[in-house]
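Examining the three-dimensional arrangement
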Amino acid sequence: MPASPPRPAARKPLPDAARFSAAPQIAQETLLWLQSLAGERRASRHTLDGYARDVAAFLSFLTEHLGQKPDAGALIALQPADLRAWLARRRNDGLEARSLLRALAAIRNFLRFLEKKGMAKTDLFGAVRAPKKPHSLPKALSVADARDLIDPDQRAGEAREPWVLARDAAVLALLYGVGLRISEALSITRADAPIGGRDRVTITGKGGKTRTVPVIEPVRRAIDDYLALCPYDLSGGPLFVGAKGGPLSPRIVQLAVQRLRGGLGLPESATPHALRHSFATHLLGRGGDLRTIQELLGHASLSTTQIYTAVDKKRLLDAWKSAHPRAE
């Protein structure tokens, strides 16, 4: 008897207005702001949850800082000193620079939404120095390690069903062979699967932007192998499904890589996302054009892609130090 089609994942509801420590009108506007992010801006669930937490924490701080729940008048009257006091509190709470920057972006976005309705002002941000973003390079794998990570034979000894092993191998092949984010790989539908004569796939990435990327033959073959073994009817649903036929969770892929990492003796930086970094770094190392890599990765700005030039230079310097007779 054929398996029933997977059920679509239920969308998590937005938070209730009572979550936000603010005057009723501002609390209600907070929900409208989140709804606009989900609708017009097509923000991801992860982004919505993070922004909601940041703004809820900010409104709670203002309630304590001002001695009452903030209303429109209080938000219009905010001064740079108030924002600096919030930054100092969050630093004392142990929030790192990267998280502070995200929270600052959420609050600015929220107040800009209210400013259009005459309920807030955002000029105070110009007088506050934002935390410096820590400079860290993406951690790419070596070519050999990346190949081992996507090789299904490396998991042959696991007590997992063959179709599950083939599924994970196909997902990882998309991350390394096409440079997709894990959410992008899992968003592909069965109808759009790059198999047979179809050698490309159209992806909706961050900000709802779409791009069409080529899919090399080894990746298409990995997807074919998975489809040949998958016990579920995938028509009309996602390409990749979990053990019970529902949409595959990114966490399942992360756990699969974690198990592989231990077996292969790879560092903790060997994650699914590291395969995307490896895709870009290895392409650049083989003479790939930076602008083309930008388009393949779906980066909005070339400056985001340029970080991989630093990764490749570091790799070359490390190789020189380990091999050149004058390096010591």
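Residues numbered from 1 in each chain as written. Predicted model: local features only at pLDDT ≥ 70, side-chain atom pairs only at ≥ 80, totals over all residues. Heavy atoms only, no water.

Put simply, the rule is: UniProt positions are given in the numbering used here, feature names are shortened, and annotations may be inferred rather than shown by experiment.
An unreviewed UniProt entry lists the chain under the name Tyrosine recombinase XerC, with Methylocystis echinoides given as the organism. Database annotation for the chain, UniProt heading Function (unreviewed entry): "Site-specific tyrosine recombinase, which acts by catalyzing the cutting and rejoining of the recombining DNA molecules. The XerC-XerD complex is essential to convert dimers of the bacterial chromosome into monomers to permit their segregation at cell division. It also contributes to the segregational stability of plasmids."

**Examining the confidence of the model for the chain**
Note the cut-off: The predictor attaches a confidence to each residue, and that confidence, scored 0 to 100, is pLDDT. The secondary structure listing takes helices from DSSP runs of H or I that are at least 4 residues long and strands from runs of E that are at least 2 residues long, numbered from the N terminus. We call two residues in contact when some of their heavy atoms are within 4.5 Å.
Summarising the model, the chain shows a mean pLDDT of 83, and 84% of its residues fall at 70 or more. Across the chain, the secondary-structure element scoring lowest on mean pLDDT is helix α14 (residues 307-323), at 53, and the one scoring highest is helix α3 (residues 72-76), at 96. Taken as a whole, residues 1-11 scores under 50 in pLDDT and shows 14 contacts with residues more than four places along the chain or in a different chain.

**Section: the pattern of salt bridges**
To keep things clear, this is the line we draw: One speaks of a salt bridge when a side-chain nitrogen belonging to Lys or Arg is within 4 Å of a carboxyl oxygen belonging to Asp or Glu. Burial classification: accessible surface area is computed with a 1.4 Å probe over protein chains only, and a residue below 20% of its type maximum counts as buried, one above 50% as exposed, and the rest as partly exposed.
Under the criterion given, the structure shown has 10 salt bridges. A salt bridge links aspartate 123 to lysine 121; the nearest nitrogen and oxygen atoms lie 3.7 Å apart. Judged by its relative accessible area of 52%, aspartate 123 falls in the exposed class. In the salt-bridge network here, residues are joined through shared partners; they are Arg181, Glu184 and Arg211.

**A short note on helix α1 (residues 24-39)**
Note the following rule: How far a helix is expected to stretch is found by multiplying one less than its residue total by 1.5 Å.
Under the 1.5 Å per step criterion, the end-to-end length of α1 is 23 Å for 16 residues, consistent within 8% with the ideal 22 Å. If you check which residues of α1 are buried, you get Ile26, Ala27, Glu29, Thr30, Leu31, Trp33, Leu34, Ser36 and Leu37. Buried residues in α1 make contact with α2 (45-66), α3 and α5 (97-115).

**Side note on the side chain of threonine 281**
In plain terms, the rule: Whenever a nitrogen or oxygen atom comes within 3.5 Å of another N or O atom, the pair is scored as a polar contact, on the condition that within protein one atom can donate a hydrogen and the other can accept it, and that pairs from neighbouring residues in sequence are kept only if both atoms are in side chains.
Looking at the element boundaries, threonine 281 is found in helix α11 (residues 272-285). Accessibility expressed as a relative area gives 3% for threonine 281, which makes it buried. From its side chain, threonine 281 meets the backbone oxygen of histidine 277 in a polar contact 2.9 Å long.

**Structural notes on the pairing of strand β1 (residues 200-204)**
How we decide: For two strands to be treated as a pair, DSSP must find at least two bridges joining them.
Covered by surrounding structure in β1 are Val201 and Ile203 only, the residues Arg200, Thr202 and Thr204 on the alternate face being uncovered. Pairing analysis gives five bridges linking β1 to strand β2 (residues 210-214), with the strands arranged antiparallel. Residue pairing for β2: threonine 202 is matched across the bridge by threonine 212. Linking β1 back to β2 in an antiparallel pair, the connection comprises five residues, with glycine 207 at a positive phi of about 70°.

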